[in-house]
Structures are given as C-alpha cells and as structure tokens.
Amino acid sequence: MELLKFGTDDIDNLVARDPSRLDRLPFGAVLLDRTGRVTKYNAGEVAISGRTADQVLGKNFFNDIAPCTKGHQFMGRFNQALAQGSINTMFEYAFDYKMKPAKVRVHMKSVSIDQGIWVFIKRL
C-alpha cells in the first residue's frame, strides 16, 4: 500500500495525475476554487468533519462550511494566495463550527490558483 506523507511538496501533482489517490490519503483534502467554493472533498475529510461530500461540494468553504476560518490565520492566507498566484504553507488550526473542536495541522498548497488551492488537513 502506498502512503503519501502529509506535507509532501508534490502531493497536489500526485493527486492530479491519479485522482483515485484522493480518497486513499490518510488525511483530509479539500480543493477550493478561487472563490472558495469546494470542488473536491475526500474521505479523510469526511472522517474529520463528519460531513459527507454531498453536503459540502459546490458550497463556499468560508461562508457555508467553516465560517470559523474567516479570520486572518486561515482565510487571510487564502486571500494572500489569490493575490500572489500560489501558496505552500503549513499552520495549526482548530475547527469548531458545528462539530466537536478538532485541532489540526493545515497544509495550504497550490501550483496555480487557476487549478485551485488544496487544503490538506491532519488531525493532531
């Protein structure tokens, strides 16, 4: 069994080359378009959040899914990525909207903003 390590620099490209890897990742993965709309949502994130892909796909991550992320630490980095054209950063965060608080490590990563911004999430 192949195990992709959280924080791997090339993980977005590995998933793009083989989309079946998305649900095999041992952590959460959410792909956001430039407006913050959820375009991909894997099984690992279902386990962390308790929300199915049907409940989140097509919705705005910051307004509808996790309004707790609207601050500088999370949405600010997303907006900075939009302005710069790409991002590759890691930080710790605590999700608490409509769920038991979950402390996580977030890896926000993109190759190109036009391809979307990946939000990889690992429970701590």
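In this numbering scheme, every chain counts its residues from 1 along its sequence in written order. Residue-level local features of this predicted model are given only where pLDDT is at least 70; pairs of side-chain atoms are given and counted only at 80 or more, and the full residue set underlies all totals for whole chains, interfaces and linings. Calculation of side-chain values draws on the structure's entire complement of heavy atoms; hydrogens and water are dropped beforehand.

Q: Report on the UniProt feature "domain: PAS" (unreviewed entry) in the protein chain, specifying residues and quantitative values.
A: UniProt positions are given in the numbering used here, feature names are shortened, and annotations may be inferred rather than shown by experiment. Taking the numbering used here, the UniProt-annotated feature "domain: PAS" (unreviewed entry) corresponds to residues 22–65. By definition, any uninterrupted DSSP run of H or I lasting at least four residues is a helix, any uninterrupted run of E lasting at least two residues is a strand, and each is numbered from the N terminus. As annotated, residues 22–65 comprises 36% helix and 20% strand, and the C-alpha atoms at either end are separated by 20 Å.

Q: Explain the pattern of salt bridges residue by residue, including any values.
A: One speaks of a salt bridge when a side-chain nitrogen belonging to Lys or Arg is within 4 Å of a carboxyl oxygen belonging to Asp or Glu. Across all of its chains, the model carries four salt bridges by this definition. Measuring nitrogen to oxygen at the nearest pair gives 3.8 Å for the salt bridge that ties Lys103 to Glu92. Note that Lys103 is positioned in strand β4 (residues 102–109) and Glu92 in strand β3 (residues 88–95), a separation of eleven residues in sequence. Whether a residue is buried, partly exposed or exposed follows from its accessible area with a 1.4 Å probe, protein chains only, as a fraction of its type maximum: under 20%, in between, or over 50%, in that order. On the accessibility criterion, Glu92 (36% relative accessible area) is partly exposed. A cluster of three or more residues bridged by salt bridges with shared partners is formed by Glu92, Lys103 and Arg105.

Q: For the sheet that holds strand β2 (residues 38–41), give the residues involved together with the corresponding values.
A: Between any two strands, pairing holds if DSSP finds at least two bridges. One open sheet holds the five strands; their spatial order is β2-β1-β5-β4-β3, and the pairing between them is antiparallel. Unpaired on one side and paired on the other, β2 and β3 mark the two borders of the sheet. Averaged over all neighbouring strand pairs, the angle between strand axes comes to 25°, with direction disregarded. The pairing of β3 with β4 spans eight bridges and is antiparallel. Paired with Asn88 across the two strands is Lys109, which belongs to β4. Contacts from helix α5 (residues 72–84) reach β1 (28–32), β3, β4 and β5 (117–123) within the one sheet, and its direction differs from that of β3 by about 155°. To get an axis, a line is fitted to the C-alpha atoms, and for a helix only the part in contact is used. The angle between two axes follows their N-to-C directions and goes from 0 to 180 degrees. A contact between two residues is defined here by any heavy atoms of the two lying within 4.5 Å.

Q: Can you tell me about the confidence of the model for the protein chain, naming the residues and giving the values?
A: pLDDT expresses how confident the predictor is about each individual residue, on a scale running from 0 to 100. The predicted model of the protein chain averages 87 in pLDDT, with 94% of residues at 70 or higher. Of all the helices and strands in the protein chain, helix α1 (residues 11–17) carries the lowest mean pLDDT, 71, while β2 carries the highest, 96.

Q: So what's going on with the nonpolar core? Residues and values would help.
A: Side-chain atoms within 4.5 Å link the members of a nonpolar core, which is a set of buried Ala, Val, Leu, Ile, Met, Phe, Trp, Tyr and Cys residues. Grouped together as the largest cluster of nonpolar side chains are 25 residues, with contacts concentrated most on Leu32, Val38, Phe61, Phe74, Phe95, Met108 and Val119. Every element with two or more residues in this core is listed here: β1, β2, α4 (61–65), α5, β3, β4 and β5. For this core, the element with the most residues is β4, which contributes four residues. Apart from residues no more than four positions distant in its own chain, Val38 is found in contact with Val30, Leu31, Leu32, Val56, Leu57, Gly58, Lys59, Phe61 and Ile65. One finds Val15, Leu22, Leu25 and Ala29 within the second-largest nonpolar core, a separate group that totals ten residues.

Q: Before we move on, can you summarise the UniProt feature "modified residue: S-(4-hydroxycinnamyl)cysteine" (unreviewed entry) in the protein chain with the specific residues and values?
A: The residues that UniProt annotates with the feature "modified residue: S-(4-hydroxycinnamyl)cysteine" (unreviewed entry) are Cys68. For Cys68, a relative accessible area of 24% puts it in the partly exposed group.

Q: Break down α5 for me, with residues and values.
A: Its 13 residues give α5 an end-to-end C-alpha distance of only 16 Å, which falls more than 12% under 18 Å, the value for a rise of 1.5 Å per residue. Downstream of α5 by one or two residues, Gly85 has phi in the positive range, about 95°. Expected span of a helix, by definition, is 1.5 Å for each gap between consecutive residues, and there is one gap fewer than residues.

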